[in-house]
Amino acid sequence: MRYYIADLHLYHENLNEKMDCRGFSSAEYMNDYIVQKWNDKVRPGDEVILLGDVSMGTAEKTAEVLQKLNGRLFLIKGNHDHFLEHRKFDSSIFGWVEPYKEMRDNKRKVVLCHYPMFCYNGQYRRSGDGEPLTYMLYGHVHNTRDEQLVNEFINRTRQTVYKSVYTEQEETIPCQMINCFCMFSDYTPLTLDEWIVVDERRRGMLNGKR
């Protein structure tokens, strides 16, 4: 099984009271909760791709928490992942570390980046029955005004009508951008299909739908 999650921000004390307002009594308690939620879901043989901003802690402290997590870990590097640059950090904890990656997930393409990409590779692609074939998974913006702007872009793009050279009929652009922010899943890594459900429900509420 393959899972995705973004912006854990281990050891980031300020996020409990500012910006995210996570509400934990301490960063240590937050870390323990993340480990618990993670290991309740992920088995040792599973893969988990972290979409950046894993930790604000030291190399030693970050490694200590990461070693408690089930599964094989892979990292899309975020702007706060400075622990990677420390000589004492063993990067072999991750199967790979990349700034950007394109992969396959159950016959669909996933475009992986810490930052939301508005014109990602494969954005227009649909299957023969009209289902989206490409998903852009991102983090970075948490649940801020920037995420609201991303949502506005998605809405406008999905309403844009165009005529493809491959079809006779006009179509709309699928635009499947999913923010895998850890708070949207209660700090639990999710599969692509699970994130699709969470994202559709959340954006429906943002757009005034129940």
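Residues numbered from 1 in each chain as written. Predicted model: local features only at pLDDT ≥ 70, side-chain atom pairs only at ≥ 80, totals over all residues. Heavy atoms only, no water.

Further remarks concern the pairing of strand E2 (residues 47–50). As a general feature of sheets, a regular strand has side chains that alternate between the two faces. Alternating residues of E2 divide into Glu-47 and Ile-49 and Val-48 and Leu-50, and every residue in both groups is buried. The sheet contact formed by strand E1 (residues 2–5) and E2 spans four bridges and is parallel. Within E2, the residue paired with Tyr-4 across the bridge is Ile-49. With respect to chirality, the unit in which E1 leads through helix H1 (residues 27–41) into the neighbouring parallel E2 is right-handed. Alignment of E2 against strand E3 (residues 72–76), held across four bridges, turns out to be parallel. If you follow Glu-47 over to E3, its bridge partner there is Arg-72. Handedness of the β-α-β unit built from E2, helix H2 (residues 59–66) and E3 comes out right-handed. (Buried < 20%, exposed > 50% of the residue type's maximum accessible area, 1.4 Å probe, protein only. Helix = DSSP H or I, 4+ residues; strand = E, 2+ residues; numbered from the N terminus. Pairing = 2+ DSSP bridges. Right-handed = clockwise from strand over helix to strand, strands pointing away.)

To continue, consider the pairing of strand E6 (residues 108–113). For E6, a buried count of six out of six residues is recorded, marking the element as mostly surrounded by other parts of the structure. Here E6 shows two buried faces, one formed by Arg-108, Val-110 and Leu-112 and the other by Lys-109, Val-111 and Cys-113. Two elements, strand E5 (residues 100–105) and E6, share six bridges in a ladder whose sense is antiparallel. In the sheet register, Tyr-100 faces E6, and the bridge partner there is Cys-113. Taking the residues that link successive antiparallel strands as the turn, the E5-E6 hairpin has two residues, and the phi of Asn-106 there is positive, at about 50°. The pairing of E6 with strand E7 (residues 134–138) spans four bridges and is classified as parallel. Bridge pairing in E7 links Val-111 to Met-136.

With that settled, consider the sheet that holds E1. Sheet architecture is open: four strands sit in the order E1-E2-E3-E4, paired in parallel fashion. Looking along the sheet, the strands with just one partner apiece sit at the ends: E1 and strand E4 (94–98). Strand after strand, the sheet turns through a mean of 15° between neighbouring axes, direction not considered. Pairing of E3 with E4 involves three bridges; the strand directions are parallel. (Axes fitted to C-alpha atoms, helices over the stretch in contact; angles between N-to-C directions.)

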